[in-house]
Amino acid sequence: MKKFNFHLEGLLTLRDWEEQKARQALGEISSEITGLRANIAELERMKEQMFERWNAECGGTFSPQLRISMEAENTQMKQRELRLRGEIRKAEARKAEAIGELKKRARAKQVVENLKERRLEEFRSEFYRQEALEIEDIFNSRHKGV
């Protein structure tokens, strides 16, 4: 009995590697987005602490100089938050591209897997057809007395 041999196994391996690489890229971008969101959450926490610290230090009264300092620090944090949100938007766009690339790679791999499956089915059907012919020949030779 001859063994099934898929001649495009190397291509299937390559397509699988490309799909895994696309998955890895998507994972890295997702991790980056998670980190940026954590940075924004930390920035929000720092803002709250800043206002609590100012309230505790001043007891509700602010000098003009302290008020200017508070506004400058608050503005600086807002600008940092805006920058982080911009980075998140860019990362989300890259993530959408990575998802598209992953889908493309998965489809390419699926095409080769489907081809392999069809070839395997053809091999099996040919194998069973040959086996049935051999059994028929054996049966006929026994009944003819040869």
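Since we're looking at a predicted model, the values are computed, not measured. In this convention, every chain numbers its residues from 1, walking through the sequence in written order. Since the coordinates come from a predicted model, pLDDT governs what is reported: local features require at least 70, and pairs of side-chain atoms require 80 or more to be given and counted, while whole-chain, interface and lining totals use all residues. In computing side-chain properties, one takes all heavy atoms of the structure into account and sets aside hydrogens as well as water.

Undergrad: So what's going on with the overall build of the protein chain? Residues and values would help.
TA: Broken down by element type, the protein chain carries two helices and zero strands. Only C-alpha atoms enter the radius of gyration, while the globule expectation follows 2.2 Å times N to the 0.38, with N the number of residues. On C-alpha atoms alone, the protein chain measures out to a radius of gyration of 34 Å, which is more than a quarter above the 15 Å that the 2.2 N^0.38 rule sets for 146 residues. Referenced to the eigenvectors of the C-alpha coordinate spread, the extents of the protein chain come out at roughly 120 × 25 × 15 Å. By definition, residues are in contact when any of their heavy atoms lie within 4.5 Å. Contacts in the protein chain between residues far apart in sequence, at least 24 positions, make up 88% of those at least 6 positions apart. With residues, only the protein chains shown are counted as cover, and all accessible areas are computed by Shrake-Rupley using a 1.4 Å probe. Working note: accessible area of the protein chain is about 11,200 Å², and carbon and sulfur atoms make up 53% of it. Charge convention: Lys and Arg are scored as positive, Asp and Glu as negative, and His as well as the terminal groups of each chain are ignored. Just so you know, the charge point we use is NZ for Lys, CZ for Arg, CG for Asp and CD for Glu. Positive and negative side-chain charges of the protein chain, numbering 30 and 27 respectively, have mean locations separated by a distance of 3 Å. Numbering of helices and strands runs from the N terminus; a helix is a DSSP stretch of H or I covering at least four residues, while a strand is a stretch of E covering at least two.

Undergrad: For the packing of aromatic side chains, give the residues involved together with the corresponding values.
TA: Under the pairing criterion, centres of Phe, Tyr and Trp rings, with the six-membered ring standing for Trp, must be within 6.5 Å; the plane angle then separates stacked pairs below 30 degrees from edge-to-face pairs above 60, leaving the rest tilted. Scanning the entire structure with this criterion turns up two aromatic pairs. Seen from their ring centres, Phe4 and Phe123 are 5.5 Å apart, and the 55° between their planes marks the pair as tilted. With Phe4 in the segment before α1 (9–58) and Phe123 in helix α2 (residues 64–144), the pair connects residues that are 119 residues apart, well separated along the chain.

Undergrad: So what about the environment of Leu36? Which residues, and what values?
TA: Along the chain, the position of Leu36 falls in helix α1. Sequence separation between Leu36 and Glu81 is 45 residues, and the spatial gap between their C-alpha atoms is 9.9 Å. The contact partners of Leu36, leaving out residues within four places of it in the chain, are Leu84, Glu87, Ile88 and Ala91.

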